[in-house]
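These are the residues of each chain, in order.
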Amino acid sequence: MTKQDATRIRVDLARGHWQLAERAEAIACLERAAAASPLHEGLLLLVESCLEDLESGGAEELALRLAALRAQILDAQDEHSAEAMPAPLSTSTVAKLYAEQGHPEKALAVADDVLRRNPGDARALAVRASIAAPLPPRRSRSSSNARVVAELERWLANLTQRKHGGAWA
């Protein structure tokens, strides 16, 4: 008999005990099932159903046990979800965004990660080159203002185009 089969039998047994109003026995079966396999399909649903059923009664000790069991199952689900989450994105686009937003250390770390997987990635190489390159000489205030105005106009044009159903430039 597999672990899943044993857990399924415990859940079914708990359901039977609950229907026979053998609350303590049902909760004991649920606790054993959760200890063996807290992610078993239907376990959380049954625990929550029993908890709702007890709310109309007055069995505080049993309700506390069910609430603790529910918390244990939810914690196990959260852990499982966290393990199943993909690693943070390491793409050349993310590296470029970090660089543009003024986070050169993060940009270099992501670009290096991309380059470890794909040494010829042109965008990651460009990010590394742009960060490693010395800063250009400071421009005069008027050319800097003109660049800011041009960038704001480009941004406004993109917003206007998007508002009218176009794609970002």
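Everything here concerns the structure above.
Residues numbered from 1 in each chain as written. Predicted model: local features only at pLDDT ≥ 70, side-chain atom pairs only at ≥ 80, totals over all residues. Heavy atoms only, no water.

Chemist: Can you walk me through the overall build of the protein chain in this structure?
Modeler: Broken down by element type, the protein chain carries eight helices and zero strands. Starting at the N terminus, the α and β elements of the protein chain follow one another as α-α-α-α-α-α-α-α. Residues counted as buried form 22% of the 169 residues belonging to the protein chain. Considering only intrachain contacts with a sequence separation of at least 6, the fraction spanning at least 24 residues in the protein chain is 46%. With an accessible surface of roughly 11900 Å², the protein chain has 57% of that area assigned to carbon and sulfur atoms. (Helix = DSSP H or I, 4+ residues; strand = E, 2+ residues; numbered from the N terminus. Buried < 20%, exposed > 50% of the residue type's maximum accessible area, 1.4 Å probe, protein only. Contact = heavy atoms within 4.5 Å. Areas by Shrake-Rupley, 256 points an atom, 1.4 Å probe, with all protein chains shown as cover.)

Chemist: Teacher, can you tell me more about the nonpolar core here?
Modeler: In a soluble, globular protein the nonpolar side chains are often hidden away together inside. With 20 residues, the main nonpolar core has Trp-18, Leu-30, Leu-43, Val-47, Leu-66 and Ile-73 as its most contacted residues. Those elements giving two or more residues to this core turn out to be α1 (3–19), α2 (23–36), α3 (43–55) and α4 (60–84). If one sorts the elements of this core by residue count, α3 sits on top with seven residues. Setting aside its immediate chain neighbours within four residues, Val-47 contacts Leu-30, Leu-66, Leu-69, Arg-70 and Ile-73. One finds Ala-107, Ala-111, Val-114 and Ala-124 within the second-largest nonpolar core, a separate group that totals nine residues. (Core = buried A, V, L, I, M, F, W, Y, C linked by side-chain atoms within 4.5 Å.)

Chemist: Any chance you could explain the pattern of salt bridges here in plain terms?
Modeler: Working definition: two side chains of opposite charge can pair if their charged atoms are close together. Scanning the entire structure with this criterion turns up eleven salt bridges. For the salt bridge of Asp-5 with Arg-8, the shortest nitrogen-to-oxygen distance reads 3.9 Å. Note that Asp-5 and Arg-8 are positioned in helix α1 at a spacing of three residues, about one turn of the helix. The class for Arg-8 is partly exposed, based on a relative accessible area of 39%. (Salt bridge = Lys/Arg side-chain N within 4 Å of Asp/Glu carboxyl O.)

Chemist: What is the right way to look at the packing of aromatic side chains in this model?
Modeler: Between two aromatic rings, the relevant description is the distance of the centres plus the angle of the planes. For the coordinates displayed, the defined rule picks out zero aromatic pairs. Across from the ring centre of Trp-18, 4.2 Å away, lies the NZ or CZ of Arg-23, which sits over that ring. (Phe/Tyr/Trp six-rings, centres within 6.5 Å; stacked < 30°, edge-to-face > 60°. Lys NZ or Arg CZ within 6 Å of the ring centre and 35° of its normal.)

Chemist: Would you explain α2 in this entry?
Modeler: Within an α-helix, residues lying three or four positions from one another point in the same direction, as the helix has 3.6 residues per turn. The terminal C-alpha atoms of α2, which comprises 14 residues, lie 20 Å apart, in line with the 20 Å expected from a rise of 1.5 Å per residue. For α2, every residue scored as buried is listed here: Ala-26, Ile-27, Cys-29, Leu-30, Ala-33, Ala-34 and Ala-36. (Expected span 1.5 Å × (residues − 1).)

Chemist: Can you help me understand unusual backbone geometry in this one?
Modeler: Trans peptide bonds make up most of the peptide bonds, and negative phi angles are found at most residues other than glycine. Phi at Ala-21 takes a positive value of approximately 65 degrees, unusual for a residue other than glycine. Along the chain, the position of Ala-21 falls in the loop between α1 and α2.

Chemist: Looking at this model, I keep getting lost on the packing of helix α6 (residues 104–117) against helix α7 (residues 122–132). Mind explaining?
Modeler: Geometry of a packed helix pair, given as the angle between the helix axes and the separation of the axes. Interaxial distance between α6 and α7 falls to 9 Å at its minimum, and their mutual angle equals 145 degrees. For the pair α6 and α7, the sense of crossing is left-handed. Contact residues: α6 offers Pro-104, Ala-107, Leu-108, Ala-111, Asp-112, Val-114 and Leu-115, while α7 offers Ala-124, Leu-125, Val-127, Arg-128 and Ile-131. Taken together, the residues of the contact of α6 with α7 sort by class into ten nonpolar, no polar and two charged. (Axes fitted to C-alpha atoms, helices over the stretch in contact; angles between N-to-C directions. Left-handed = near helix turned anticlockwise from the far one by under 90°. Nonpolar A, V, L, I, M, F, W, Y, C, P; charged D, E, K, R; others polar.)

Chemist: I tried to follow a nonpolar patch on the surface on my own but got confused; where do I start?
Modeler: Judged by side-chain polarity, Val-148, Leu-152, Trp-155 and Leu-159 come together as a nonpolar surface patch covering roughly 380 Å² of accessible area. Assignment of secondary structure puts Trp-155 in helix α8 (residues 141–163). (Patch = residues over 30% accessible without salt bridge, like charges linked within 9 Å, V, L, I, M, F, W, Y side chains within 5 Å.)

Chemist: Explain the packing of helix α5 (residues 92–100) against α6 to me, please; I cannot follow it from the model alone.
Modeler: Relative orientation of the contacting elements α5 and α6 amounts to 165 degrees, with a least axis distance of 8 Å. By the angle between their axes, α5 is roughly antiparallel relative to α6. Considering how the two elements wind past one another, α5 and α6 form a crossing that is left-handed. In this structure, α5 uses Ser-92, Val-94, Ala-95, Tyr-98 and Ala-99 to contact α6, whose residues at the interface are Lys-106, Ala-107, Val-110, Ala-111 and Val-114. (Parallel < 35°, antiparallel > 145°, perpendicular 65-115°, else oblique.)

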